[in-house]
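# Architecture at a glance
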Amino acid sequence: MPVGARATLFRAPVARSWHDPVVAEPHTPPNRRVILAGKTISAIVAHAPWAWPLIRRPVTRFFDSAAQGWDSRTGSASSERLAALASAVLEVDRSPERILDIGCGTGSATVFLAREFPRARIRGVDISPAMIHEARKKVGLDPEARIAFREGDASQLPFPDAGFDLVTQNNMPVFFSEISRVLRPGGYVVIASSLGRRTPFSTPESLIRRKLRRHGIVTTGTGGAGAGTWLVGRKEPQAR
Ligand SMILES: C[S@@+](CC[C@H](N)C(=O)[O-])C[C@H]1O[C@@H](n2cnc3c(N)ncnc32)[C@H](O)[C@@H]1O
């Protein structure tokens, strides 16, 4: 794992609140049933995004019921879980001013990004109201409104076109057309999977590359960190 000047994850172990230091926590790895379900949902989203509305409700309910205790069960703020994302953002060559974290869950990765890019404004979006509730607790009162969380569906993001310099997602199905829509030309996308191919919500790299390309986004790097894998893409500057 390369340790760059910006890799705050490795200077201090993520936290309960966004200014506390990261603590590695023991966590429960996903079982085979969860991995299979997650991969099936990710495949549906990648191949047949029109079918997402049919499964949106049960997915939302699942994550609503999982929100409490998510951080301690999954170790969402641990350096192990954030390693792939941390490694990927080192590949983003310009400091982004506006960042969107899709499927932010309880906000651990969002908070990491806020530390990594201290001048950026960061938005976390998640379909689960209970997850957003947990995420907001991490930030508390942020007078500068640098980090904000809101409920929203990645298939219809509640943000304008070309509004972000960097779009990230950690352990989320990939909604290609919406990522491309909200990314400004020349902006970057980071797609990270904490457990590589054993991540329930993960999409094969070759498929991500192909689909991103169709949406005007070129893959600029891929790699692994810890058990995780990541891919970075850049929206072509002339793309609309
Ligand atoms: C496996 S969790 C990952 C959470 C967080 N990124 C992490 O790594 O800890 C997946 C998250 O994506 C959210 N999610 C699933 N489908 C979504 C969608 N269509 N739009 C927005 N969020 C979604 C879930 O509610 C859940 O919080």
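Quick look at the structure, then. Along every chain, residues carry numbers that run from 1 in the direction the sequence is written. Thresholds applied to this predicted model are a pLDDT of at least 70 for local features of residues and 80 or more for the giving and counting of side-chain atom pairs; totals over whole chains, interfaces and linings are not thresholded and use all residues.

## Quick word on the overall build of the protein chain
- Labels follow the DSSP assignment, with helices taken as runs of H or I lasting at least four residues and strands as runs of E lasting at least two, numbered in each case from the N terminus. Check the secondary structure of the protein chain and you find eight helices and seven strands.
- Any residue with 12 or fewer other C-beta atoms within 10 Å of its own C-beta is exposed, any with 20 or more is buried, and the rest are partly exposed; the C-beta atoms used are placed from the backbone. Burial analysis of the protein chain (240 residues in total) assigns 43% to the buried set.

## Some details on the nonpolar core
- One finds Leu85, Ala88, Val167, Val189, Val190, Ile191 and Trp230 to be the most contacted residues of the largest nonpolar core, which totals 53 residues.
- Element by element, the count of residues in this core is highest for helix α4 (residues 79-89), at seven residues.
- Apart from residues lying up to four places away in sequence, Val167 is in contact with Leu100, Ile102, Ile179, Val182, Leu183 and Val189. Note on terminology: a nonpolar core is any set of buried Ala, Val, Leu, Ile, Met, Phe, Trp, Tyr and Cys residues joined through C-beta atoms within 7 Å. The contact rule is simple: place each C-beta atom from the backbone, and if two of them lie within 7 Å, those residues are in contact.

## Looking at the sheet that holds strand β2 (residues 121-126)
- Any two strands between which DSSP finds at least two bridges are classified as paired. The strand order across the open sheet built from seven strands is β3-β2-β1-β4-β5-β7-β6, with neighbouring strands paired in mixed fashion. Looking along the sheet, the strands with just one partner apiece sit at the ends: β3 (147-151) and β6 (217-225). Each neighbouring strand pair of the sheet contributes to a mean axis angle of 20 degrees, computed without reference to strand direction.
- In terms of strand pairing, strand β5 (residues 183-193) meets strand β7 (residues 228-235) through six bridges, oriented antiparallel. Note that in β7 the partner of Ser193 across the bridge is Thr229. Axis angles are defined between N-to-C directions and span 0 to 180 degrees, where every axis is a line fitted to C-alpha atoms and, for a helix, only to the segment in contact.

## Comments concerning the site of the ligand
- The immediate surroundings of the ligand are formed by 21 residues, with Phe63, Gly103, Gly105, Ser128 and Ala154 found nearest.
- Going through the elements one at a time, α2 (52-66), α5 (108-116) and β2 are the ones with two or more residues in the shell around the ligand.
- Residue type decides the class: Asp, Glu, Lys and Arg count as charged, Ala, Val, Leu, Ile, Met, Phe, Trp, Tyr, Cys and Pro as nonpolar, and the leftover types, Gly among them, as polar. Its residues placed into classes, the shell around the ligand shows 10 nonpolar, nine polar and two charged. Using a C-beta atom placed from the backbone, a residue is described as near a molecule or strand when that atom lies within 6 Å of it.

## Concerning the packing of α4 against α5
- Remark: α4 packs on α5, axes separated minimally by 11 Å, with the N-to-C direction vectors making an angle of 35 degrees. Remark: the crossing between α4 and α5 carries right-handed chirality. Packed against α4, whose contacting residues are Leu82, Leu85, Ala86 and Val89, the element α5 presents Ala109, Phe112 and Glu116 at the interface.
- Taken together, the residues that form the contact of α4 with α5 break down as six nonpolar, no polar and one charged. For any helix crossing, the convention is left-handed if the near helix is rotated counterclockwise from the far helix by under a right angle, and right-handed if that rotation is clockwise.

## Describing the pairing of β5
- Counting buried residues along β5, eight of its 11 residues qualify, which places the element largely inside the surrounding structure.
- Where strand β4 (residues 164-170) meets β5, six bridges bridge the pair, whose relative direction is parallel. Paired with Val167 across the bridge in β5 is Val189.
- When the strands point away from the viewer and the connection leading from the first strand across the helix to the second strand turns clockwise, the crossover is called right-handed. Running through helix α7 (residues 176-182), the crossover from β4 to the neighbouring parallel element β5 is right-handed.

## Remarks on the pairing of β7
- The buried count for β7 comes to eight of eight residues, which makes it a mostly enclosed element.
- Here β7 shows two buried faces, one formed by Gly228, Trp230, Val232 and Arg234 and the other by Thr229, Leu231, Gly233 and Lys235.
- Bridge count between β6 and β7: eight bridges; the pairing is antiparallel. The residue of β7 that forms the bridge with Thr222 is Leu231.
- Turn length for the β6-β7 hairpin, with the two strands adjacent in sequence and antiparallel, is two residues, and the turn residue Gly226 shows positive phi of about 60 degrees.

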